[in-house]
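For reference, the chains in residue letters:
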Amino acid sequence: MYSIPKTYIPNLPNFTNELTDFVGANEDPLSDGGNWGQASTARPPLKRQSNSATDSDHGEPNYSYYTTPLPDGKPQGIYACSTAGQLGVAVETWRIALYNSVGASISGYHFMYGGGIGKGYFLWAVHGSASFSTIDTSSGPYPQKMGIIVNGSSIEGWSYNSGIWTLRCSAIDGAYSGPMYPVLGIEDPTGGGLGFVCFGLLKTFVPQIYRRPNE
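Just so it is clear, the structure is predicted and the values come from calculations on it, not from any experiment.

Asks: Sorry if this is basic, but what is going on with the overall build of the chain here?
Replies: What the chain contains, in helices and strands, is zero helices and 19 strands. Taking all 215 residues of the chain together, the buried fraction comes to 46%. At a minimum sequence separation of 6, the contacts of the chain that also span at least 24 residues come to 64%.

Shown next, in the form of structure tokens:
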């Protein structure tokens, strides 16, 4: 008889604190009573159309930010529910981000799914309106939901399919900290219907502890 030590796997995020489902009258740009604003002065904002947060300009990425920043000093995380597009050869992407600076100069961390024919997940550190560095990538299916977490210098990108959250990208990068603004983005050059139909916050982590029985 002997005891096998506990085996731990990474904590799973509890993305359950939904703030909006974007149901409401069409509006351009997306405001929802002042809760959303234009994230970057160099890029157009999202709009609300047919109960979805979607792009207002098919020619480039569109971004809007939630105007209440997340508190510093604990894990900061957001998630969003995506709606499917054509997913053809055009560069179609769903994007979620946490920025510590918005407006004329943006900075923070950015998680997206999409691309050309070969779709995938990308985690970026953003250093300005037109400057970024890729800090991790992975392959995987179209996500029903996406989540991003900044916990100190740890950055994680998650996807949700068929009831399961999966860690897709992760990196250690301490360039940006402090209160973070949630950001949603869409790039839909063909007008294929890409958008978001929910947005919420990381509530907590769910510890996952597994014990093997004594043998």
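Asks: Quick question: what am I supposed to make of the pattern of salt bridges here?
Replies: Tallied over the entire structure, the rule returns four salt bridges. Here arginine 48 makes a salt bridge to aspartate 32, at a shortest N to O gap of 3.6 Å. Note that arginine 48 is positioned in strand β5 (residues 46–48) and aspartate 32 in the loop between β3 (17–20) and β4 (36–38), a separation of 16 residues in sequence. With relative accessibility at 7%, the residue arginine 48 sits in the buried group.

Asks: For this particular structure, what's the right way to read the pairing of strand β14 (residues 154–161)?
Replies: The side chains of a regular strand alternate between both faces of the sheet. Across the eight residues that make up β14, a large majority, six, are buried. Pairing of strand β13 (residues 145–151) with β14, which is carried by seven bridges, proceeds in the antiparallel orientation. In the sheet register, isoleucine 149 faces β14, and the bridge partner there is glutamate 156. Between β13 and β14, which pair antiparallel and follow one another directly, the connecting turn spans two residues, one of which, glycine 152, has a positive phi of 70°. Adjacent in sequence and paired antiparallel, β14 and strand β15 (residues 164–172) are bridged by two residues, among which serine 162 carries a positive phi angle near 50°.

Asks: Whenever I open this one, the nonpolar core confuses me. Can you help?
Replies: Soluble globular proteins: nonpolar side chains tend toward being buried together. In terms of nonpolar packing, the biggest core is built from 32 residues, with Ile96, Leu184 and Phe196 touching the most fellow members. Counting ten residues, the second-largest nonpolar core is a separate cluster that includes Ala39, Tyr99, Met112 and Val126.

Asks: Is there a simple way to explain the state of the cysteines in this structure?
Replies: Here a disulfide denotes one covalent bond, and it connects the sulfur atoms of two cysteines. Taken as a whole and judged by the stated rule, the model has one disulfide. Across the disulfide, cysteine 81 is cross-linked to cysteine 198 (sulfur-sulfur distance 1.9 Å). Disulfide cysteine 81 to cysteine 198: torsion about the S-S bond roughly 65°, handedness right-handed. With cysteine 81 in strand β8 (residues 76–83) and cysteine 198 in strand β17 (residues 195–201), this pair connects stretches of sequence that are 117 residues apart.

Asks: Which parts of the structure should I look at to understand unusual backbone geometry?
Replies: Negative phi values dominate among residues other than glycine, just as trans dominates among peptide bonds. Look at the link from aspartate 28 to proline 29: it is a cis peptide, with omega at 10°. Among the secondary structure elements, proline 29 is positioned in the loop between β3 and β4. In the Ramachandran plot, serine 50 falls in the positive-phi region, its phi being about 55° despite a non-glycine side chain. Note on placement: serine 50 falls in the loop between β5 and β6 (53–55). Overall, the relative accessible area of 60% leaves serine 50 in the exposed class. Although it is not a glycine, asparagine 51 adopts a positive phi angle of roughly 60°. Mapping asparagine 51 onto the fold places it in the loop between β5 and β6. We classify asparagine 51 as partly exposed; its relative accessible area is 34%.

Asks: Is there a simple way to explain the sheet that holds strand β16 (residues 181–187) in this structure?
Replies: Strands in a sheet are paired, the pairing made by backbone hydrogen bonds, and the direction either parallel or antiparallel. The seven strands lie next to each other as β4-β7-β16-β9-β10-β11-β12, forming an open sheet whose pairing is antiparallel. Across the chains shown, the open sheet's two edge strands, defined by having one partner strand only, are β4 and β12 (131–138). Going from strand to strand, the sheet's axes swing by 25° on average, the running direction of each strand aside. As paired strands, strand β10 (residues 107–115) and strand β11 (residues 120–128) are joined by seven bridges and run antiparallel to one another. Bridge pairing in β11 links glycine 114 to glycine 120.

What counts as what
Residues numbered from 1 in each chain as written. Predicted model: local features only at pLDDT ≥ 70, side-chain atom pairs only at ≥ 80, totals over all residues. Heavy atoms only, no water. Helix = DSSP H or I, 4+ residues; strand = E, 2+ residues; numbered from the N terminus. Buried < 20%, exposed > 50% of the residue type's maximum accessible area, 1.4 Å probe, protein only. Contact = heavy atoms within 4.5 Å. Salt bridge = Lys/Arg side-chain N within 4 Å of Asp/Glu carboxyl O. Pairing = 2+ DSSP bridges. Core = buried A, V, L, I, M, F, W, Y, C linked by side-chain atoms within 4.5 Å. Disulfide = S-S within 2.5 Å. Axes fitted to C-alpha atoms, helices over the stretch in contact; angles between N-to-C directions.

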